[in-house]
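Structure assessment
Chain residues, written in single-letter form:
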Amino acid sequence: MSTILFELGCEELPPKSLKPLRDALQASVIEQLNEAEISFDSIKAFAAPRRLALQIQGISDKQPDRSEQKRGPAIKAAFDADGNPTRAAMGFAKGLGIEASELITINTDKGDYVGYEQVIHGQATTELLPAIFQTALDNLPIAKRMRSGASRNEFVRPVQWAVLMQDSTVIDATIQGHQTGTQTRGHRFHSPNYHEIAHANDYEQLLDGLKVVADFDKRQMLIKNQVKALADEVNSDAIVPQDLLDEVTALVDFPIALRASFEPRFLQVPQEALISTMQADQKYFCLTDKTGKLQPYFIFITNIESKDPNQIIEGNEKVVRPRLADAEFFFLQDQKQPLFALTESLKTRVFQDKLGTIWEKSERIAKLAAFIAALMQQQGQQIDIDETVRAGILSKADLTSSLVGEYPELQGIAGTYYARLNNEPEAVAASLEEQYLPKFSGDVLPQTPIGICLALADRLDTLVGIFAIDQAPTGSKDPFSLRRSAIGILRILIEKQLPINLVALVEQAIKGYSDAEGSKIEKMGDTFTQVMAFLNSRYRAMYTEQGVSVDTIQAVQAINPHMPLDFDQRIRAVQAFSELSQASMLADSNKRVANILAKSEVSVADNVDEALLSEPAEQGLYASVLQAQTAVKPLLEQADYTQVLQTLASLDEPLTQFFDNVMVNSEDAALKNNRLALLKQVRALFLTVADISELQL
């Protein structure tokens, strides 16, 4: 058992790709070692700005030996009547480099054959490793490879050196066009020369002394701890997004955190703009107080251990100042006119060539949001329809602002700031930011009633419009993010407990495209059908992500509920039903009932003639059905679907008795039709919640 060290030294690797490259390299090598049956105790990956490395400990010296059986011709063809080997047997033996006398008999189900069992000796690990590492490098997820100088070898960045060692000995190989050795480099500035690695186990400790923290995770933890300590000194919390943390970790070999400051006057600017420019442009960690309000400090990570850190701090303060000043300028420039005045520019900005301007979209959003607000009022919610209309008209105004022009991610957020500065009602101001929620899977939902109305109206208007012009998503292409919009609509209606019918919403959205001059939607019926089908298709993606089984979703979709909240309640009911001991039998019985009814050659009656119930089992089932119908009626009125299915579980035994003792397809047509009518009532009871026959239990 020994330790293997592999290191590929490069020019600075792409920071956003460093962590994925490390993980992919390790995964590929592990997979290849397992395929080659080379055992090892542990493997550790390293990744720093100028290197990717792997340290494999306790690795076996060679592959295990294995036996391999070669089968030749049948015994009858291999030996003549006197037991002498034929030309077929001798040819087979010669091909293996052995004498015919060394052949053995192999017994199989298809007869006996001659054969030979040979031992395949495993290759030495050191012979296999160069190809394993090169294959792993070739398979790395690199979007665009490059060549350096006259070299024909391609990689994400120019390669400078390669290390491949077994304990203290170099494994002679050529990887990425470089001869392997035992020398590495330290920090580009603090320790730029080559340094000898005495033993593969010394790698991490050696680099620590050369001002390189090679372990990506260790380096990241150092950054997090330093940032927290500096933030604590000013009683603040650091904003540390994982993506930014990964990128900063990939930019430095030897992280040293420093805290700087900026003029408090910049805090009058929307803090989202300041945070955006400091994070995206400068890779800084911003600080907030305990309430989330931005503080006039930021923390940055330097890659140099400076004798005079103040110079670095002052340099960063000097760099960030003009960027914050730009944000301040845009913010003040926008305030020279009220937010409503910005809507004038929307009249010349196109939403989509065939669907008109953004101003026209704002008008449609206002009308549709008012319609939704009226529905919410009917359900007892407190919401002002006039304010909802006002919010709809202002919803896209900030798209023409200078601040959003410079920071597109502030759309909605900027509108909220400007609305408050213009003394718009708080309900209107807050909704302008909330209209874009949720922005991604699992994101928070709008909280205010008007924000909910705008979020629904905006997404519905886009869905209807884009489907109307035949630009629906295809395959992986979804330029208007309609799939995300559809799931956003469903989530809002479900999680905000809004009993609103999708049919009404889609119909109203389609009407919004009509005016005195006609409608922008030529095929309203087709558009309605397509949008409804698209929305219904999103249930599967949404619920499978939550761990709901596909058959449960299909059971509810089979009855096509049009109210998302109702759909969700049915899903939960079917999930609970699936846990019952009677569920499997009832699902099978429902399948049987559905098949029997589907095969009926005559129209099945709705009512059962009790006088024709001649068998005790069918009489018992009918009595149970009547009892169940009475019991579930009030439960259905309350949409208590879980209790409905719990109640219907009592039909388990009567259904079993019925199928065991009653011939449905009786020769007596009257009896047959009456029994079909009874089964139809059983089926109808379950279909009040879902099609249980879809369950695979």
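Described in the following lines is the structure provided in the data block. (Residues numbered from 1 in each chain as written. Predicted model: local features only at pLDDT ≥ 70, side-chain atom pairs only at ≥ 80, totals over all residues. Heavy atoms only, no water.)

The subject of this paragraph is the nonpolar core. The biggest cluster of nonpolar side chains holds 133 residues, and the ones touching the most others in it are Met278, Ile372, Leu403, Leu502, Tyr543, Leu645 and Leu648. Among the elements that take part in this core, helix α16 (residues 449-468) stands out by supplying twelve residues, more than any other. If near-sequence neighbours (up to four positions away) are discounted, Leu645 is found in contact with Ala573, Val574, Phe577, Phe686, Val689 and Ile692. Counting 37 residues, the second-largest nonpolar core is a separate cluster that includes Leu13, Leu25, Val29 and Ala45. (Core = buried A, V, L, I, M, F, W, Y, C linked by side-chain atoms within 4.5 Å. Buried < 20%, exposed > 50% of the residue type's maximum accessible area, 1.4 Å probe, protein only. Helix = DSSP H or I, 4+ residues; strand = E, 2+ residues; numbered from the N terminus. Contact = heavy atoms within 4.5 Å.)

This brings us to the sheet that holds strand β5 (residues 104-108). The three strands lie next to each other as β4-β6-β5, forming an open sheet whose pairing is antiparallel. The open sheet terminates on both sides in strands that have one partner only, identified here as β4 (66-74) and β5. Averaged over neighbouring strand pairs, the angle between their axes works out to 45° when direction is ignored. Relative to strand β6 (residues 111-120), β5 runs antiparallel, the two sharing five bridges. Bridging from a neighbouring strand, Ile106 pairs with Tyr113 of β6. Across the face of the sheet, helix α3 (residues 87-96) comes into contact with β4 and β6 while running at roughly 155° to β4. (Pairing = 2+ DSSP bridges. Axes fitted to C-alpha atoms, helices over the stretch in contact; angles between N-to-C directions.)

With respect to topology, four strands assemble into an open sheet ordered β15-β17-β18-β16, the strand pairing being antiparallel. Two strands bound the open sheet, and with one partner strand each, they are β15 (237-238) and β16 (256-261). As judged from the three bridges shared by strand β17 (residues 285-288) and strand β18 (residues 294-302), these two strands associate in the antiparallel manner. Within β18, the position partnered with Thr288 by the bridge is Leu294.

Let us now look at the packing of aromatic side chains. One pass over the full model with this rule turns up 13 aromatic pairs. When the ring of Phe46 is compared with that of Tyr203, the centres are 5.2 Å apart and the planes differ by 70°; the resulting orientation is edge-to-face. Placement of Phe46 in strand β2 (residues 42-48) and of Tyr203 in helix α5 (residues 203-209) is noted, with a sequence separation of 157 residues between them. Exposure remark for Phe46: the relative accessible area of 1% places this residue in the buried category. Here Tyr203 falls in the buried class, since its relative accessible area comes to 0%. Ring centres of Phe329 and Phe330 lie 5.8 Å apart, and the angle between their planes is 65°; this geometry places the pair in the edge-to-face category. Classification of Phe330 by relative accessible area gives buried; the value is 18%. (Phe/Tyr/Trp six-rings, centres within 6.5 Å; stacked < 30°, edge-to-face > 60°.)

Quick look at the pairing of β6 now. In this sheet, β6 lies alongside β4 in antiparallel orientation, the contact comprising seven bridges. Paired with Arg71 across the two strands is Gly115, which belongs to β6. With antiparallel pairing between neighbouring strands as the criterion, β5 and β6 make up a hairpin whose turn holds two residues.

This next bit is on helix α18 (residues 502-511). All buried positions along α18 are accounted for by Leu502, Val503, Leu505, Val506, Ala509 and Ile510. Along the long axis of α18, the arc covered by the buried residues comes to 165°, so they all point the same way. On its buried face, α18 sits against α11 (358-378), α16, α17 (482-495), β21 (514-515), α19 (524-545) and α21 (564-578). Its side-chain oxygen placed 2.8 Å from the backbone nitrogen of Val503, Asn501 serves as the N-cap of α18. (Arc of directions from axis to C-beta. Polar contact = N/O pair within 3.5 Å; in protein donor to acceptor, adjacent residues only side chain to side chain.)

Take the layout of surface pockets next. Space inside the largest pocket adds up to approximately 630 Å³. At the level of elements, α11, α16 and α17 are the ones that each hand at least two residues to the lining of the largest pocket. (1 Å grid on protein atoms, 1.4 Å probe; cavity = no way out; pocket = protein on both sides within 12 Å on 5 of 7 lines; lining within 4 Å. Points joined across faces, edges and corners; volume = space filled by probe spheres on them.)

This paragraph deals with helix α20 (residues 550-557). All of the buried residues along α20 are Asp551, Thr552, Ile553, Ala555 and Val556. Tucked inside the fold, the buried residues of α20 contact α19 and α21.

What follows is about the packing of helix α25 (residues 652-661) against helix α26 (residues 669-687). Direction vectors running N to C along α25 and α26 enclose 155°, while the axes themselves pass 13 Å from each other. When the axes of α25 and α26 are compared, the pair comes out roughly antiparallel. As α25 runs across α26, the sense of the crossing is left-handed. Residues Leu655, Phe658 and Phe659 of α25 form the contact with α26, whose own contacting residues are Arg675, Leu678, Leu679 and Val682. Looking at the contact of α25 with α26 residue by residue, the class counts come to six nonpolar, no polar and one charged. (Parallel < 35°, antiparallel > 145°, perpendicular 65-115°, else oblique. Left-handed = near helix turned anticlockwise from the far one by under 90°. Nonpolar A, V, L, I, M, F, W, Y, C, P; charged D, E, K, R; others polar.)

Counting buried positions over the nine residues of β18 gives eight, a clear majority of the element. For β16 and β18, the ladder comprises six bridges, and the chain directions are antiparallel. Bridged to Ala257 within β18 is Ile301. The turn joining β17 and β18, which pair antiparallel and follow one another in sequence, is formed by five residues; a positive phi near 95° is taken by Gly292.

Looking now at unusual backbone geometry. In this structure, the amide linkage connecting Leu437 to the following residue, Pro438, adopts the cis form with an omega of -5°. Mapped onto the secondary structure, Pro438 falls in the loop between α15 (426-434) and α16. Unlike most non-glycine residues, Asp167 shows phi in positive territory, near 55°. Structurally, the position occupied by Asp167 is in the loop between β9 (159-166) and β10 (169-170). Non-glycine residue Ala639 carries a positive phi angle of around 55°.

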